[in-house]
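A structural walkthrough
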Amino acid sequence: MGLAGALTRVRFAPSPTGFLHLGGLRTALYNYIFAKKQGGRFILRLEDTDQSRIVPGAADGIEDMLEWAGVPPDESPRRGGPAGPYVQSQRLDLYREAVEQLLEKGAAYRCFCTPQRLELLKKAALQNQETPRYDNRCRHLTPKQVAEKVSQGADSVVRFRLEEGAEPFRDLVFGWSKHEVASVEGDPVLLKSDGFPTYHLANVVDDRLMGISHVLRGAEWLVSTSKHLLLYRAFGWDPPRFGHLPLLLNADGSKLSKRQGHVFVEQFARDGCLPAALLDAITNCGSGFGENRMGRTLEELVAGFDVGKIEKHSALLDLEKLSEFNRIHLAQQIGDERRRPDLVADVQASVERVYGEQLTDRGVLEKAYVEQVLLLRRGHISRLQDLVSPQYNFLWIRPTVPHEELQAISPEAEEIGRLVLELLDQTVATCTIEELNRNLRQLQERIRVTQYSAMMKLLRVALSGQQQGPSVAEMMVSLGRGETRTRIRRALCS
């Protein structure tokens, strides 16, 4: 029963109840990295047994975001695979077969307690300041009593018969652990009256049938593992290895909450966050790697991963630092000749979308020009979208500046314009920003009244229509000699 072989197989098993959030992405990432480090398989399984909480489109959204992040599953509802189906609601027959095995062994039993009785048990426990638990009443029904209730059409669930003697297990992160579940909990439900399994049954059966070798999941499931191991023992199956990942928290130690809004991966993608930057950030704040530094690629994360180095304490994520992660990764990608064409295409599309009919010169969309802009702004921008923000609109549209505004900055506006045009005629096309800065300082010495700072303000306004932004020399290089000459002549020499 299950997939045979010694291949490392791990799974990420979210519920399709909404968008993929950062905590889920981190769990998926650790599973992906662990699988790739071992040469194994990463599986996406959707746990949709609580049908009342399913959100339409969430299943596709989860897989979309894993693919966007660069950690696509090897097997999934979309991709298929040898252990499908990969959606629990499509595996109900498998759970019923497994439950029948436990009933035949006497390791499970049918429970006919009504919701009203269970609610009374809960209220009585709370009134006595006790933890609510099922009292195992139906455990003692005889086969005859069970048959009578079934023949009468009474609704029932199937419960697991917890036994004393939970064995300790060695968690890959937390070390030796044991939870004597039978002494603190009532017998748990395995199969609900609607035929759907609970998490405890479904995850054990699925992990077995899908040949899962290692279970890496959130630390909140650590206390449930002894219960799951009792189920494995009841089935007569060898369990996988377990590793429980510390929680991902806010920088102040508070819980990441979906109510914060900005914890969903889809939102980061829309905001222009690079997948590599997000993966770097959510692992940089944690452990399990040889070194934590900004700028690590996914390949470097895989190479440096060691599950034995994951620490027990929670990881504190400072989202304020994400823009710096993005700046570093964007600079790396701009410098990579293999990736740069994709960035150029993204910028071209963004310029077309944002400025559209305002583009008086569509030459700004040419590959060479856009590539030049990217290389010059490398290390200065955190997102590609920054290049189409108002601060950088001078790159894409020619400003209209009243001549009077320029004269107010300097009465020598026309003389400065004439000298700059001469400078452009004398400089070579490959003139650097540093060389232009030196030339502009020398040029200012030929001006009688206007100070250097005022001259720079004048030229910045003439070139961009703005009083702040990149240096004048950088603007001139970004625009190119021809466009710079056109703008100077139009603004200062009319």
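We now turn to the structure provided with this report. (Residues numbered from 1 in each chain as written. Predicted model: local features only at pLDDT ≥ 70, side-chain atom pairs only at ≥ 80, totals over all residues. Heavy atoms only, no water.)

**As for the overall build of the protein**
Broken down by element type, the protein carries 19 helices and 11 strands. Based on the C-alpha atoms only, the size of the protein along its principal axes is roughly 110 × 45 × 40 Å. For the protein, the proportion of its 494 residues judged to be buried stands at 51%. When the accessible surface of the protein is split by element, carbon and sulfur atoms take 49% of a total near 23,600 Å². Treating the 64 positive side-chain charges of the protein as one cloud and the 64 negative ones as another, the clouds have centres 3 Å apart. (Helix = DSSP H or I, 4+ residues; strand = E, 2+ residues; numbered from the N terminus. Buried < 20%, exposed > 50% of the residue type's maximum accessible area, 1.4 Å probe, protein only. Areas by Shrake-Rupley, 256 points an atom, 1.4 Å probe, with all protein chains shown as cover. Lys, Arg positive; Asp, Glu negative; His and termini not counted. Charge placed at Lys NZ, Arg CZ, Asp CG, Glu CD.)

**Remarks on the pattern of salt bridges**
Counting across every chain of the model gives 36 salt bridges. Here Glu266 ties to Arg270 by a salt bridge, and the two come within 3.2 Å at their closest N and O atoms. In this pair, Glu266 and Arg270 are both assigned in helix α8 (residues 265-270), four residues apart and thus about one turn of the helix distant. Overall, Arg270 belongs to the exposed group, its relative accessible area being 52%. With a closest N to O distance of 3.8 Å, Arg446 and Glu422 form a salt bridge. Within this pair, whereas Arg446 is found in the loop between α16 (433-444) and α17 (452-464), its partner Glu422 is found in helix α15 (residues 413-426), the two being separated by 24 residues in sequence. Relative accessible area serves as the criterion here: at 53%, Arg446 is assigned to the exposed category. Since its relative accessible area comes to 28%, Glu422 is described here as partly exposed. (Salt bridge = Lys/Arg side-chain N within 4 Å of Asp/Glu carboxyl O.)

**Notes on the side chain of Asn203**
Structurally, Asn203 can be placed in helix α6 (residues 199-209). A polar contact is formed between the side chain of Asn203 and the backbone oxygen of His200, at a distance of 3.3 Å. Not counting residues within four places of it along the chain, the set of residues in contact with Asn203 comprises Arg11, Arg45, Glu47, Gln88, Arg217 and His228. (Polar contact = N/O pair within 3.5 Å; in protein donor to acceptor, adjacent residues only side chain to side chain. Contact = heavy atoms within 4.5 Å.)

**A short note on helix α13 (residues 367-377)**
The complete set of buried residues in α13 reads Tyr369, Val370, Glu371, Val373, Leu374, Leu376 and Arg377. Buried positions along α13 lie against α11 (322-334), α12 (340-355), α16 and α18 (472-479). Of the residues one or two after α13, Gly379 is the one with positive phi, at around 90°.

**Section: the pairing of strand β2 (residues 41-44)**
Taken residue by residue, a regular strand's side chains alternate between the two faces of the sheet. Here strand β1 (residues 9-12) pairs with β2 via four bridges, running parallel. Across the sheet, Arg9 pairs through a bridge with Arg41, a residue of β2. Read from β1 through helix α1 (residues 22-38) to β2, the crossover connection turns out right-handed. (Pairing = 2+ DSSP bridges. Right-handed = clockwise from strand over helix to strand, strands pointing away.)

**Observations regarding the sheet that holds strand β4 (residues 157-160)**
Read from one edge to the other, the open sheet built from three strands follows the order β3-β4-β7, with strand pairing classed as antiparallel. The open sheet is flanked by β3 (108-111) and β7 (189-191), the only strands paired with a single partner. Taken over all neighbouring pairs, the strand axes of this sheet differ in orientation by 45° on average, direction set aside. The pairing of β4 with β7 spans two bridges and is classified as antiparallel. Pairing of Arg159 across the sheet is with Val189, part of β7. (Axes fitted to C-alpha atoms, helices over the stretch in contact; angles between N-to-C directions.)

**Digging into α6**
Extensive coverage of α6 is indicated by the burial of 10 of its 11 residues. Immediately downstream of α6, the backbone of Gly211 shows phi near 65°, a positive value.

**A short note on the packing of aromatic side chains**
If you walk through the whole model with that rule in mind, you get 11 aromatic pairs. Relative to Phe242, the ring of Phe169 lies with its centre 6.4 Å away and its plane at 65°, an arrangement referred to as edge-to-face. Taken together, the positions of Phe169 in strand β5 (residues 169-171) and Phe242 in strand β9 (residues 241-245) put the pair 73 residues apart, joining distant regions of the chain. Each member of the pair, Phe169 together with Phe242, is buried. Note on Tyr369 and Trp396: the rings are 5.9 Å apart at their centroids and 85° apart in plane angle, and the pair reads as edge-to-face. Taken together, the positions of Tyr369 in helix α13 and Trp396 in the loop between α13 and α14 (403-409) put the pair 27 residues apart, joining distant regions of the chain. Residue Tyr369 is classed as buried on the basis of its relative accessible area, which comes to 13%. Note on Trp396: relative accessible area 1%, which makes it buried. Among the aromatic side chains, those forming a connected cluster through ring pairs are Tyr30, Phe289 and Phe305. (Phe/Tyr/Trp six-rings, centres within 6.5 Å; stacked < 30°, edge-to-face > 60°.)

All we've got here are geometric facts, nothing functional implied.
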